[in-house]
There are 2 protein chains.
Amino acid sequence: MVTIRDIAQAAGVSPSTVSRALNDSPLLPDGTKSRIREIARELGYERNELALGLVKGVSRVLGLVVPDIGNPFFGEIARGVSNTAHNSGYSVVLCNTEGDRERERVYATLLRRRRVDGLVLASVKMDDPYVLELARSQTPYVLVSRLSRFVDAPFVVVDDREGGRLAVEHLVRLGHTRIGFIGGPSDVQSSNDRMEACREVLDDHRIDIDETWLRSAEFTQQAGHEAGLEILSGPTRPSALFAANDMIALGVMQAADELGVTIPAELSLVGFNDIAYAAFPRIQLTTVAQPTYDMGCIAAEYLLAVTQHGRKRKLRKFLEPRLVVRNTTAPPGTTSSGTQQTQPRAKRGLRSKKGR
Amino acid sequence: MVTIRDIAQAAGVSPSTVSRALNDSPLLPDGTKSRIREIARELGYERNELALGLVKGVSRVLGLVVPDIGNPFFGEIARGVSNTAHNSGYSVVLCNTEGDRERERVYATLLRRRRVDGLVLASVKMDDPYVLELARSQTPYVLVSRLSRFVDAPFVVVDDREGGRLAVEHLVRLGHTRIGFIGGPSDVQSSNDRMEACREVLDDHRIDIDETWLRSAEFTQQAGHEAGLEILSGPTRPSALFAANDMIALGVMQAADELGVTIPAELSLVGFNDIAYAAFPRIQLTTVAQPTYDMGCIAAEYLLAVTQHGRKRKLRKFLEPRLVVRNTTAPPGTTSSGTQQTQPRAKRGLRSKKGR
DNA sequence: ACCATCGGATCAAACGTTTGTACGCAGTGG
DNA sequence: CCACTGCGTACAAACGTTTGATCCGATGGT
């Protein structure tokens, strides 16, 4: 590999002069600078960022910790982080924890060793102790998509209460009064928030809640399927269900199909997340969209802001979710399923905003 | 940050001794080693990998270049790469190119600057010139999922011909004779391979090909929808379609639904990739599964093998795809009456086979 | 008593940069 | 003619490691 002193030798100057030339220092006359740069180019010089990082004490690298990069939700976040980081000349090292606590902490120290300038944590289980540990260390970090009550860190999450409100108010407005809710694991804050919002809306409208229509499930299609079967085969059936996430909703859909309950005529269904496949022709799930990509972007921006000029004010953002109405919701007791208003899916409008 | 010399001072030894202690050098007696390690631990020492990388000329970092990390296909590859890299003590820096050539080359030089030990390229458009450039540079790399004819690099791809064969033979075995194919962009090798395999199988079975049932489309649902509409509303309809990827197949499914063509009764449909959502209750797409995660793992293994002990033999792997039969394929004409017409003899040999 | 050996530890160079300081030199104003 | 200024450049230290060479004292053999 050609170094700065190779260039120095070729140009008949000292290494420091070469360094200044390449960094466009005002101490050097333009003539010298361009001459040296030319030589550097000819020699195919590539500066060694490791050495740079060593002397500057800064690596221009961000760490991104996600539980499952194969999951498009985190994939989109990663895309946002990666793109904005790249635009600021930062690289991002990917840490896939597979949801494993132990790996999380291993990664945390690994990243500290590499002297990353900051961390984006998308993996945090609520109140994970290692976040506390991290908070004590020097490395700045920002939480994304989930937040921890225990630490006072910058974060960017979607406003889950607002999302829940959007979903349930949509149902109420359609005329539903028999509304059920299938939540995620009870230790997931965002799920609880959605649930609470649901209760609030129903309270506001003086609508009673039938506790047998409330369930808690894993965030999987499987779990949604089971919960759906239970609720729908009960003695009284709700006319609408709000699921805390799209996977659960899809499970419910499967259950409904199996029981011969038609959607949306006999059951309205709302999900959460707007995973790409909610828009599929045969699915057409009404759901609450999160600006996932944007979350990644903003998280990276926050982190860069903190690393570059220290935290100024509180960096914390609740992003607005958006209701996407498709074909799984209708007024209760509708018989024909063909009379649906189809709101064409907003073509990833959020994505184009900051993409590429 | 506490350095090795801080420890040295605290222990009353020289920095080199500390270094040897931490690296478990046999030159030091066990007593000293453990004593120093203890002090290091108390001080909360974290070794600086940047410095290490500088002196060793090796960074223990791999670069991963993908076009879209939000796409679960690449997400799974990333997961494989990340996990195996991590098991060998390597980190991986994520490069999301958004399919942009320019970004690809920017990333390539950025990664060289960071002195990454190797690259996993999942983004390569067939015969991309920058791969050539890369091939000349020192950095070892391995291609995954797509390969380039022009360079002789290690790669791991799925055997697309075999995949195509599986799909079409499945259709033939069901009794189909009027079979169409919707390929991806014509500069994507894997799509072409699937297509060729398709032709071969049909040839083997002496089944004519109607060229009007052949289309080329982008790898999107949108494009699949258009192609599907064209083919299905033509004067003669195939009884089966093989799509070069699941997104296209889903587009076709949408087209069929719109045209009132029932699947699988009137049209059998096979996709490629087995994206997670092909298994959804309402979709149930028969498709060819790729071991995506494994591809990532093997790619990383290859790369590590090359970086650690230079390439020994040719590292190249064709992974076996697997046919997943769901509900979009059935014997032809299950319900439909005799709309069957004998096809005009297809003109053949538009394109001669290119060798490989 | 001498030399060789050896265990245990230090020295110093090296990795490739950046950057504060100093140096030499030309011009300028007094 | 001196002091000053400004410009262009060089020197050298520093960043945090690793590692070959070296050193020192004790031990053992002859």
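Quick look at the structure, then. (Residues numbered from 1 in each chain as written. Chains lettered and ligands numbered in written order. Predicted model: local features only at pLDDT ≥ 70, side-chain atom pairs only at ≥ 80, totals over all residues. Heavy atoms only, no water.)

**With respect to the overall build of chain A**
Phase 1 of the analysis: Each helix and strand counted, chain A has 13 helices and 12 strands in total.
Phase 2 of the analysis: Against the globule reference of 21 Å for 356 residues, chain A gives a C-alpha radius of gyration of 26 Å, more extended than a compact globule.
Phase 3 of the analysis: Its C-alpha atoms give chain A principal-axis dimensions of roughly 90 × 40 × 35 Å.
Phase 4 of the analysis: Burial statistics for chain A: of 356 residues in total, 54% are counted as buried.
Phase 5 of the analysis: By sequence separation, contacts in chain A at least 24 residues apart represent 70% of the contacts at least 6 residues apart.
Phase 6 of the analysis: Side chains of chain A give 46 positive and 42 negative charges; the mean places of these two sets differ by 8 Å. (Helix = DSSP H or I, 4+ residues; strand = E, 2+ residues; numbered from the N terminus. Rg over C-alpha atoms; globule rule 2.2 N^0.38 Å. Buried < 20%, exposed > 50% of the residue type's maximum accessible area, 1.4 Å probe, protein only. Contact = heavy atoms within 4.5 Å. Lys, Arg positive; Asp, Glu negative; His and termini not counted. Charge placed at Lys NZ, Arg CZ, Asp CG, Glu CD.)

**Some thoughts on the protein's contact with DNA strand D**
Phase 1 of the analysis: Taken together, 27 residues sit near DNA strand D, with Arg20 of chain A together with Ile4, Ser19, Arg20 and Tyr45 of chain B positioned nearest.
Phase 2 of the analysis: The sugar-phosphate portion of DNA strand D accounts for 61% of its atoms within 4 Å of the protein, the bases making up the rest.
Phase 3 of the analysis: Interatomic distance of 2.8 Å between a backbone N/O atom of Ser14 of chain A and a phosphate oxygen of DNA strand D.
Phase 4 of the analysis: Between DNA strand D and Thr32 of chain A, the relevant distance is 3.0 Å, taken from a phosphate oxygen to a side-chain nitrogen or oxygen of the residue.
Phase 5 of the analysis: Elements represented by at least two residues in the surface near DNA strand D include exactly helix H2 (15-22) and helix H4 (49-56) of chain A together with helix H1 (4-11), helix H2 (15-22) and helix H4 (49-56) of chain B.
Phase 6 of the analysis: In terms of residue count, the dominant contributor to the surface near DNA strand D is H4 of chain B (4 residues). (Near = heavy atom within 4 Å. Polar contact = N/O pair within 3.5 Å; in protein donor to acceptor, adjacent residues only side chain to side chain.)

**Quick notes on the sheet that holds strand E6 (residues 179-183) of chain B**
All names here are of chain B.
Phase 1 of the analysis: The strand order across the open sheet formed by 6 strands is E7-E6-E8-E9-E10-E12, and the pairing between neighbours is mixed. Since the sheet does not close on itself, it has two edges, and those belong to strand E7 (214-216) and strand E12 (322-324), each with one partner. Neighbouring strand axes in the sheet, compared pairwise and without regard to direction, differ in orientation by 15° on average.
Phase 2 of the analysis: Across 4 bridges, strand E9 (residues 268-273) lies against strand E10 (residues 286-289) in parallel orientation. Residue Gly271 lies in a different strand from E10, and its bridge partner there is Thr287. (Pairing = 2+ DSSP bridges. Axes fitted to C-alpha atoms, helices over the stretch in contact; angles between N-to-C directions.)

**Some thoughts on the sheet that holds strand E2 (residues 91-96) of chain B**
Phase 1 of the analysis: Strand order in the open sheet made by the 12 strands is E11(A)-E5(A)-E4(A)-E3(A)-E1(A)-E2(A)-E2(B)-E1(B)-E3(B)-E4(B)-E5(B)-E11(B), with mixed pairing throughout. Edge positions in the open sheet fall to strand E11 (316-319) of chain A together with strand E11 (316-319) of chain B, since each of these has one partner strand only. Across the sheet, the mean angle separating the axes of adjacent strands is 20° when strand polarity is ignored.
Phase 2 of the analysis: Here 4 bridges tie strand E1 (residues 61-66) of chain B to strand E3 (residues 118-121) of chain B, and the two strands are oriented parallel to one another. Along E3 of chain B, the bridge assignment pairs Val65 of chain B with Leu121 of chain B.

**Observations regarding the interface of chain A and chain B**
How big an interface is tends to be reported as the loss of accessible area on association of its parts.
Phase 1 of the analysis: At the interface, 56 residues of chain A touch 54 residues of chain B.
Phase 2 of the analysis: When the two sides are added together, the surface that chain A and chain B hide from each other amounts to roughly 5,500 Å², 55% of it contributed by carbon and sulfur.
Phase 3 of the analysis: At the junction of chain A and chain B, the tally comes to 12 salt bridges.
Phase 4 of the analysis: Ionic pairing is found between Arg113 of chain A and Glu49 of chain B, a salt bridge with its closest N-O pair at 4.0 Å.
Phase 5 of the analysis: Our enumeration of links across chain A and chain B arrives at 27 residue pairs in polar contact (both at pLDDT 80 or more).
Phase 6 of the analysis: Top contributing element to the side of chain A that touches chain B by residue count: helix H5 (residues 72-87) of chain A, with 8 residues.
Phase 7 of the analysis: In the side of chain A that touches chain B, the residues fall into 24 nonpolar, 14 polar and 18 charged.
Phase 8 of the analysis: Looking at chain direction, strand E2 (residues 91-96) of chain A and E2 of chain B are connected through 3 bridges and run antiparallel. Paired with Leu94 of chain A across the strands is Val92 of chain B, a residue of E2 of chain B. (Buried area = accessible area lost by both parts, 1.4 Å probe. Salt bridge = Lys/Arg side-chain N within 4 Å of Asp/Glu carboxyl O. Nonpolar A, V, L, I, M, F, W, Y, C, P; charged D, E, K, R; others polar.)

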